[in-house]
Amino acid sequence: MPADRLPVEVEGRRLELSNLDKVLYPQAGFTKGEVIDYYTRIAPVLLPHLKDRALTRIRYPNGVEGNSFFEKNAPAATPDWVRTENLPAPGSSKGRETIDYVVADDLPTLVWLANLAALELHTPQWKVGAHPDLMVVDLDPGAPASLEQCCQVALLLRDRLADDGVDAYPKTSGKKGMQLCCPISGTQSADDVSAYARRIAQDLEREHPKLIVSRMAKNLRPGKIFIDWSQNNAAKTTVAPYSLRAEAVPSVSTPLTWDEVAAGPRGKQPGVRPFTAAEVLQRAEECGDLLGPLLHAGPELPAG
């Protein structure tokens, strides 16, 4: 066996890890071994959010400064113990009618993916064979707007959704923005969920036109927060909670408390800012899964 390959057993599954010393985040010196270690340690809170969801991965075989590629289909030589599901592929760029998706229900699959340098893990708002059980809105700041304005809009959204009996839970995107995730009933179509999210975004844009935009045209976004309601389209995915992001440092899409959002990115602590893998592991140890409520059914959304 080559010297750079390490056989391991994970929950009864045999895997062969490779190139553990390869640096995937050059500016931070963060190696593939550390990526695998992070995903192994964060698995107890991450895996429930991946369970039963078709997984899209973004792989960085030569690190975050090298070329990357999206991967929806199960790659060649996928172990036979990895769960795959043959599902329709709406919006496939390659014209496929179906794709054999990987579903990461267990730790061996997660470690296998990390060994493939699948740094980013993205999931749809639906589980296999079901209607959406999540509604997600993405808050995307158009420069010079920043996380400070994202926090303001997140609070406005939280209160507006609460008027309809919908609970919202915040997380960072791991990049420049934020997302609000809402558990819903799982009885409505993606079109229904998307229409509701769009209506809420439009309402808030009318009320706060200098702060919020709900339309996708990029020329409208500078200095405002774009509420991206389209994340609820059946073909869209959102970065999973606790997923790494391909930034200069190993940042993570991090669950937040509403106290942190209210504190904003500056001033009193705690507050909202990019969090690294090491910080997120500590947060999970101290707080558990702040997005645990997403794992339980929420309300049906009001009809238009």
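Predicted model, so just to flag it, every value in this text is computed and none were measured.

Caption draft 1: Inspection of the domain arrangement of the protein at higher detail. Partitioning the protein into structural domains gives domain 1 (5-123) and domain 2 (134-295). On a C-alpha basis, the centres of domain 1 and domain 2 stand 24 Å from each other. Domain 1 puts 25 residues into the contact, and the matching count from domain 2 is 28 residues. Together domain 1 and domain 2 conceal approximately 2,200 Å² of surface at their shared face, both sides included; 66% is due to carbon and sulfur atoms. The interface formed by domain 1 and domain 2 contains one salt bridge. Seen at the junction of domain 1 and domain 2, the total is 10 residue pairs in polar contact (both at pLDDT 80 or more).

Caption draft 2: Region of interest: empty space enclosed by the protein. Using the criterion set out here, one finds three cavities of 30 Å³ or more in the structure. In this structure, the largest cavity spans a volume of roughly 170 Å³. Around the largest cavity sit 16 residues that line it, and H49, R53, L134, P241 and L294 are the ones nearest its centre. Taken together, the residues of the lining of the largest cavity sort by class into eight nonpolar, four polar and four charged. Both domains that furnish three or more residues to the lining of the largest cavity are identified here as domain 1 (5-123) and domain 2 (134-295). Taken as a whole, the second largest cavity spans an internal volume of roughly 50 Å³. Considering the residues around the second largest cavity, the lining is formed by Y242, T254, P255, V280, R283, A284, G288 and L290. Looking at side-chain class alone, the lining of the second largest cavity contains five nonpolar, two polar and one charged residues.

Caption draft 3: Seen up close, the pattern of salt bridges. Following the criterion strictly, the structure yields 18 salt bridges and no others. For the salt bridge of E71 with R59, the shortest nitrogen-to-oxygen distance reads 3.0 Å. Of this pair, E71 sits in strand β6 (residues 69-71) while R59 sits in strand β5 (residues 56-59), placing them 12 residues apart in sequence. The exposure class assigned to E71 is buried, which follows from its relative accessible area of 8%. R215 is the partner of E205 in a salt bridge, and the nearest nitrogen-oxygen pair spans 2.8 Å. Linking E205 in helix α4 (residues 190-207) with R215 in the loop between β13 (212-213) and β14 (225-228), this pair joins segments that are 10 residues apart in sequence. A cluster of three or more residues bridged by salt bridges with shared partners is formed by D52, R83, E85 and D105.

Conventions we followed
Residues numbered from 1 in each chain as written. Predicted model: local features only at pLDDT ≥ 70, side-chain atom pairs only at ≥ 80, totals over all residues. Heavy atoms only, no water. Domains from an automatic or database assignment. Contact = heavy atoms within 4.5 Å. Buried area = accessible area lost by both parts, 1.4 Å probe. Salt bridge = Lys/Arg side-chain N within 4 Å of Asp/Glu carboxyl O. Polar contact = N/O pair within 3.5 Å; in protein donor to acceptor, adjacent residues only side chain to side chain. 1 Å grid on protein atoms, 1.4 Å probe; cavity = no way out; pocket = protein on both sides within 12 Å on 5 of 7 lines; lining within 4 Å. Points joined across faces, edges and corners; volume = space filled by probe spheres on them. Nonpolar A, V, L, I, M, F, W, Y, C, P; charged D, E, K, R; others polar. Helix = DSSP H or I, 4+ residues; strand = E, 2+ residues; numbered from the N terminus. Buried < 20%, exposed > 50% of the residue type's maximum accessible area, 1.4 Å probe, protein only.

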